[in-house]
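Listed below are the residues making up each chain.
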Amino acid sequence: ADSGNVGMLDLVLALRWVRDNIAAFGGDPGQVMVFGQSGGGAKIATLMAMPAARGLFHRAATMSGQQVTASGPMNATERARAWLEALKLRPDQMGELTALPAARLVEALDARDPILPFGGIYFGPVLDERSLTRHPFYPDAPPQSAAIPMIIGNTHDETRAFLGGDEANFTLGWDELPARLGPNLRVDISPDLVVAEYRRLYPHYSPSEVLFAASTASRSWRGAVIEAEARARQGAPAYVYQLDFPSPDARLRAFHGLDIPLVFDNVAAPGSRTGRGPVAQGVADAMSEAFLAFARTGDPNRAGLPTWSPYALERRQTMIFDVAPRMEDDPRGAERRLFAKVPYVQPGT
């Protein structure tokens, strides 16, 4: 009965362990911060709505990862059936799963998702009425977490991480763009309309730049905006950031995941894609120190950083992390308004 959320329940068990044991390691069980990037951010958003997680953490941050809504239980069952079919098992043969190699179980996830029009089988949190009795950020921000301060972040060029490996996406013509853009918007709006609006807003953009910008705004950024708006309506603090600092790879720019080595202050570590040197280190100092301040106090403000105000609907205050961090009101506001006219459904729901 709990199979739809066992991954989330593992996180609850880990947080209970922290509560019961961290004092022995010098930690404070009354001052626990949880944060994650991409799917990790989605997990944090989900924890904020889980009754079993109540009181186990006191600050939260999501980095390019949202969970506005969970999978419905009927869709989750359809996915379970599709997975079993890929394993050539009937529902009454589920007991045989324990005898299969783990690699085979993972391989079966590549089967076509029966609900989504793209990708393999989605395994995410489920509105099971047991561990999760409401959607994480629908129809509003979860009341149980209203007192928990939150950071909500994204990167300016998220989808270059997903689409930037295809050479064809850099040689698009305007005639080809709508057909390439449509499936990557993840919302139901005319691609021709989107292209026309982006050409009006950014007349210097190439077709490939429109592809990356519009897919980022509609698919990877939209959930973050929804969550920030929900927190603002609730009167709960949400500190919003956007990473503009680019990777040395001119094609990828501020791609999905680039904020990880900056927040962890690991720009000099092997494999870091931020570039090394004083410029990248300065951005890492700004982001990591803000996260540390937030962990300690619930407020990311610190010396050397512009005053970081919580997000409010009137101004939509956003910290822009770049070579020189700055505050902006409603960055990319025209893009936000364009996609606000159509419903957004969390992929996987």
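Report follows, based on the coordinates. None of these values were measured; they are calculated from a predicted model.

## With respect to a nonpolar patch on the surface
A cluster of nonpolar side chains, contributed by F35, I260 and F264, occupies part of the molecular surface with about 260 Å² of accessible area. Structurally, F264 can be placed in the loop between α10 (259–263) and α11 (278–297). Note on F264: relative accessible area 47%, which makes it partly exposed.

## Some details on unusual backbone geometry
Following Y138, the chain continues into P139 via a peptide bond in cis, with omega recorded as 5°. Secondary-structure assignment places P139 in the loop between α4 (102–107) and β3 (150–155).

## Structural notes on the side chain of Q242
Within the element layout of this structure, Q242 appears in strand β4 (residues 238–243). On the basis of relative accessible area, Q242 is assigned to the buried category, the value being 3%. Here the side chain of Q242 touches D244 through a polar contact of 2.7 Å, side chain to side chain. Among residues more than four places away in sequence, those in contact with Q242 are N154, H156, T318, M319, I320, F321, P331 and R332.

## Regarding the packing of helix α6 (residues 177–185) against helix α7 (residues 191–201)
For any two helices packed against each other, one specifies the crossing angle of their axes together with the interaxial distance. Two numbers describe how α6 lies on α7: the axes approach to 9 Å, and their chain directions differ by 105°. One way to sum up the angle between α6 and α7 is to call them roughly perpendicular. Of the residues in α7, those in contact with L177, P178, L181, G182 and L185 of α6 are P191, D192, V194 and V195. Grouping the constituent residues of the contact of α6 with α7 by class yields seven nonpolar, one polar and one charged.

## Quick word on the layout of surface pockets
Space inside the largest pocket adds up to approximately 1500 Å³. Looking at the largest pocket, it is lined by 49 residues, and the ones nearest its centre are I121, Y122, F123, G124 and P125. Within the residue set of the lining of the largest pocket, elements represented by two or more residues are α1 (6–21), α2 (39–47), α3 (73–86) and α8 (207–220). Ranked by residue count, the leading element in the lining of the largest pocket is α3, at eight residues. The residue inventory of the lining of the largest pocket, partitioned by class, reads 23 nonpolar, 19 polar and seven charged.

## Remarks on the packing of aromatic side chains
Taken as a whole, this structure holds twelve aromatic pairs when the rule is applied. Aromatic side chains F35 and F291 sit 5.7 Å apart centroid to centroid with 65° between the ring planes, which places their arrangement in the edge-to-face category. Here the residue F35 occupies a position in strand β1 (residues 33–37), and F291 occupies one in helix α11, the gap between them amounting to 256 residues. Accessibility expressed as a relative area gives 5% for F291, which makes it buried. For the pair Y241 and F321, a centre-to-centre distance of 5.8 Å together with 70° between the ring planes defines the contact as edge-to-face. Within this pair, whereas Y241 is found in strand β4, its partner F321 is found in strand β5 (residues 317–321), the two being separated by 80 residues in sequence. According to the relative accessible area criterion, F321 is buried, its value standing at 1%.

The rules we used
Residues numbered from 1 in each chain as written. Predicted model: local features only at pLDDT ≥ 70, side-chain atom pairs only at ≥ 80, totals over all residues. Heavy atoms only, no water. Patch = residues over 30% accessible without salt bridge, like charges linked within 9 Å, V, L, I, M, F, W, Y side chains within 5 Å. Areas by Shrake-Rupley, 256 points an atom, 1.4 Å probe, with all protein chains shown as cover. Salt bridge = Lys/Arg side-chain N within 4 Å of Asp/Glu carboxyl O. Helix = DSSP H or I, 4+ residues; strand = E, 2+ residues; numbered from the N terminus. Buried < 20%, exposed > 50% of the residue type's maximum accessible area, 1.4 Å probe, protein only. Polar contact = N/O pair within 3.5 Å; in protein donor to acceptor, adjacent residues only side chain to side chain. Contact = heavy atoms within 4.5 Å. Axes fitted to C-alpha atoms, helices over the stretch in contact; angles between N-to-C directions. Parallel < 35°, antiparallel > 145°, perpendicular 65-115°, else oblique. Nonpolar A, V, L, I, M, F, W, Y, C, P; charged D, E, K, R; others polar. 1 Å grid on protein atoms, 1.4 Å probe; cavity = no way out; pocket = protein on both sides within 12 Å on 5 of 7 lines; lining within 4 Å. Points joined across faces, edges and corners; volume = space filled by probe spheres on them. Phe/Tyr/Trp six-rings, centres within 6.5 Å; stacked < 30°, edge-to-face > 60°.

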